[in-house]
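Report on the structure
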Amino acid sequence: MTEKDLHLSAMAQELWDNDMSRLQPGLDYKISLQGKAGLTQSCNDGNDGAALPLFTFVNENIFKKETFSAFISLLDNYESDAGEPEVVTPEEEAENHKFLESIINTPPMKIAHRYLVEKQLSPKTTGEFKQQLYRIWFELYARRGSSRPDSSGFEHVFVGETRGGRTVIGFHNWIQLYLQEKLGHIDYKGYSVNANSPKPDDNKHILALQFSWKNGIKPKGSIFIGVSPEFEFALYTLCFLTSPNERVKVSFSLYEVEIVCHHYNQKHIGTTYPVLTKYL
């Protein structure tokens, strides 16, 4: 690990320790890993390692918490087809600001803000920091192959998009996965492992998986499970502003993880997600 990785590991551990809204596996939620996913290239090729849904139980009372409920209100604000221009209504913009308002004073976001100010990567005042977060996560841009603004960091990472109707891109959030699975839009196809990756564990908080959504396939995705929206927002913002176009190695709790982080145009998050390299 580089010195920067060690610094960011210490920060990730502090964020983890202060994620007061994290769910407990087996208590607040249960997942059913089932079998290993195959090399699926389409939704209906019969190569399915899981007959049942991924989530067997989630305590939805958690979703009444302010940050969860503000986060969930954003999930239906987007047109999933990449290439389809996004139109942000005043109501949706207000919901974006309400979400930022709900997380800005949570312990994970305060810790991230303090560190970023120390590194001269973020403005000191809360108001200016919120403006920075809005630009990074919510400002629209044109994703590859589109001439008009059709995407944002938030939509790609937390909501998910489809490309050409057949491929799912982004979609790295467990709450969206759970809610879409509950609606019957997700078909979980099993966990993903390769020769070097650790076998998944239904009591751990990171999972690589394969699923179909609407008519598209996500051949391999990776998500945190059970963490709060503020934890993910804080960790990803930290990694983006310190290392905007690389894989950041961090160790915290029981996990050694690479946070993949790509920028769009230096100003916006293109994508970001965790890749589990080993259990500690």
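Residues numbered from 1 in each chain as written. Predicted model: local features only at pLDDT ≥ 70, side-chain atom pairs only at ≥ 80, totals over all residues. Heavy atoms only, no water.

As named in an unreviewed UniProt entry, the protein is Uridylate-specific endoribonuclease, taken from Huso huso. On record in UniProt, under Subunit (unreviewed entry), the comment for the protein is "Monomer." Comment text from UniProt for the protein, heading Sequence similarities (unreviewed entry), reads "Belongs to the ENDOU family." (UniProt positions renumbered as here; feature names shortened; annotations may be inferred.)

This part covers the pattern of salt bridges. Scanning all chains against the criterion turns up 8 salt bridges. The shortest N-O distance in the salt bridge between D19 and R22 comes to 3.9 Å. Judged on exposure class, the residue D19 and its partner R22 are both buried. (Salt bridge = Lys/Arg side-chain N within 4 Å of Asp/Glu carboxyl O. Buried < 20%, exposed > 50% of the residue type's maximum accessible area, 1.4 Å probe, protein only.)

Note that S32 resides in the loop between strand 1 (29-31) and strand 2 (55-58). On the basis of relative accessibility, which here comes to 18%, the residue S32 falls in the buried class. Those residues in contact with S32, other than ones at most four positions away along the chain, are P53, L54, T56 and Y188. (Helix = DSSP H or I, 4+ residues; strand = E, 2+ residues; numbered from the N terminus. Contact = heavy atoms within 4.5 Å.)

Backbone geometry places K214, a non-glycine residue, at a positive phi of 55°. Positioned with a positive phi, S253 is a non-glycine residue whose angle comes to about 50°. Mapping S253 onto the fold places it in the loop between strand 8 (246-252) and strand 9 (255-264).

Moving on: the environment of K65. By secondary structure assignment, the location of K65 is in the loop between strand 2 and helix 2 (66-72). Between the alpha carbons of K65 and S21 there is a distance of 8.5 Å; along the sequence they are 44 residues apart. Not counting residues within four places of it along the chain, the set of residues in contact with K65 comprises M20 and S21.

This part covers the nonpolar core. F99, W137, F138, F154, W174 and F233 are the most contacted members of the largest nonpolar core, which has 77 residues in total. Of all the elements, helix 8 (residues 229-242) adds the most residues to this core, at 9 residues. Filtering out sequence-adjacent residues up to four positions away, F99 remains in contact with T67, A70, F71, L74, F138, F154, P229 and F233. (Core = buried A, V, L, I, M, F, W, Y, C linked by side-chain atoms within 4.5 Å.)

What follows is about the sheet that holds strand 10 (residues 268-279). Strand pairing within a sheet occurs via backbone hydrogen bonds; the two strands may be parallel or antiparallel. Reading across from one edge, 8-9-10 is the order of the 3 strands in this open sheet, with antiparallel pairing throughout. At either end of the open sheet lies a strand with only one pairing partner, and these are strand 8 and strand 10. Neighbour-to-neighbour, the strand axes of this sheet turn through a mean angle of 25°, independent of strand direction. Bridge count for strand 9 against strand 10 is 10 bridges, and the pairing is antiparallel. The partner of V257 across the bridge, within strand 10, is L276. Across the sheet, helix 8 lies against strand 8, strand 9 and strand 10, angled at about 65° from strand 9, the strand it touches most. (Pairing = 2+ DSSP bridges. Axes fitted to C-alpha atoms, helices over the stretch in contact; angles between N-to-C directions.)

Where helix 1 (residues 3-17) contacts helix 4 (residues 107-118), the two axes come as close as 9 Å, and the packing angle between them is 155°. For the element pair helix 1 / helix 4, the angle class is roughly antiparallel. Once helix 1 is placed against helix 4, the crossing between them reads as right-handed. Residues H7, L8, M11, E14 and L15 of helix 1 lie in contact with helix 4, whose contacting residues are P108, I111, A112, R114 and Y115. (Parallel < 35°, antiparallel > 145°, perpendicular 65-115°, else oblique. Left-handed = near helix turned anticlockwise from the far one by under 90°.)

A few words on the layout of surface pockets. Empty space within the largest pocket amounts to approximately 340 Å³. Around the largest pocket sit 22 residues that line it, and A208, K220, S222, V275 and L276 are the ones nearest its centre. The greatest single-element share of the lining of the largest pocket, amounting to 5 residues, is contributed by strand 10. (1 Å grid on protein atoms, 1.4 Å probe; cavity = no way out; pocket = protein on both sides within 12 Å on 5 of 7 lines; lining within 4 Å. Points joined across faces, edges and corners; volume = space filled by probe spheres on them.)

The buried count for helix 7 (residues 174-182) comes to 8 of 9 residues, which makes it a mostly enclosed element. Buried within helix 7 we find W174, I175, Q176, L177, Y178, L179, Q180 and E181. The N-terminus of helix 7 is capped by N173, whose side-chain oxygen sits 3.0 Å from the backbone nitrogen of I175. Phi for G184, located one or two positions after helix 7, is positive at around 85°. (Polar contact = N/O pair within 3.5 Å; in protein donor to acceptor, adjacent residues only side chain to side chain.)

Let us look at the environment of E128. Inspection of the secondary structure puts E128 in helix 5 (residues 126-138). Classification of E128 as partly exposed rests on a relative accessible area of 41%. In sequence terms E128 and P90 are 38 residues apart; their C-alpha atoms lie 21 Å from each other. Separated by 3.0 Å, the side chains of E128 and T125 make a polar contact.

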